[in-house]
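A look at the structure
Below are the chains, spelled out letter by letter.
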Amino acid sequence: MIVVTGSSADRSRTARWTARLGVTAAAALAALGLGLGSAEAAPAAPAATTPGTPCAVTARACMDLSSRQAWLTDGAGHVTAGPFAARGGKSGASTPTGTFTVQNKVKNYWSKAFDAPMPNSVFFKPGYAFHAGSPAVASNGCIHLTRAVSQQFFDTLAPGDQVQIVR
């Protein structure tokens, strides 16, 4: 039994924590009793990838920074276009890896930070976009696509679509 002295606020706070700890302890004991508390964790199931790409089936755009290739998919495991030549960020200005969603699109974006045009920008993270640029030249973190391919990405992708960038 826990005896709490002090103000009513202290007693109330202590009672809340005691209740939380009680629920946590009960859950831990139940898990141990069911054999769920073993030291070995079950291996995670491998994520399904779209054939021909290194990205998840749910990604509508896929970029492999290592192979400098990008794809468009239907988001259900089928490549709809690509692979395309693409280039990510240079050393010191790397392209982020992970799973993102298209935030917005700007047809004729002008970068104030680099005082440069970024046609057909499809932003997947603040400050990072697929856009027209030479795939032979490393970017400042964005993904360069030829003008024709950037137009295809711009026309195909919509806000909310999943984008995956892998290394």
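Here goes a summary of the coordinates provided. (Residues numbered from 1 in each chain as written. Predicted model: local features only at pLDDT ≥ 70, side-chain atom pairs only at ≥ 80, totals over all residues. Heavy atoms only, no water.)

Okay, the state of the cysteines next. This model, assessed by the stated rule, comprises one disulfide. What pairs with Cys 55 in a disulfide is Cys 62, and their sulfur atoms sit 2.1 Å apart. Residues Cys 55 and Cys 62 share a disulfide whose torsion about the S-S bond is about 75°; that sign makes it right-handed. Exposure class is identical for Cys 55 and Cys 62. Each is buried. (Disulfide = S-S within 2.5 Å. Buried < 20%, exposed > 50% of the residue type's maximum accessible area, 1.4 Å probe, protein only.)

Taken in spatial order, the four strands line up as E5-E6-E7-E8 in an open sheet, and their pairing is mixed. Looking at the sheet topology across the chains shown, the edges are occupied by strand E5 (104-111) and strand E8 (143-145). The average angle at which neighbouring strand axes cross in this sheet is 30°, direction not considered. Of the strand pairs in this sheet, strand E7 (residues 128-132) and E8 are connected by three bridges, and their pairing is parallel. Bridge pairing in E8 places Ala 132 opposite Leu 145. The sheet contacts of helix H2 (residues 147-156) involve E5, strand E6 (116-125), E7 and E8, and relative to E6 the element is tilted by about 40°. (Pairing = 2+ DSSP bridges. Helix = DSSP H or I, 4+ residues; strand = E, 2+ residues; numbered from the N terminus. Axes fitted to C-alpha atoms, helices over the stretch in contact; angles between N-to-C directions. Contact = heavy atoms within 4.5 Å.)

A separate point is the pattern of salt bridges. Enumeration according to the criterion identifies one salt bridge in this entry. Across the salt bridge formed by Arg 60 and Asp 161, the nearest N and O atoms sit 3.6 Å from each other. In this pair, Arg 60 sits in the loop between helix H1 (8-33) and strand E1 (61-64) while Asp 161 sits in the loop between H2 and strand E9 (162-166), placing the two residues 101 residues apart along the sequence. Comparing Arg 60 with Asp 161 shows no difference in burial state: the two are buried. (Salt bridge = Lys/Arg side-chain N within 4 Å of Asp/Glu carboxyl O.)

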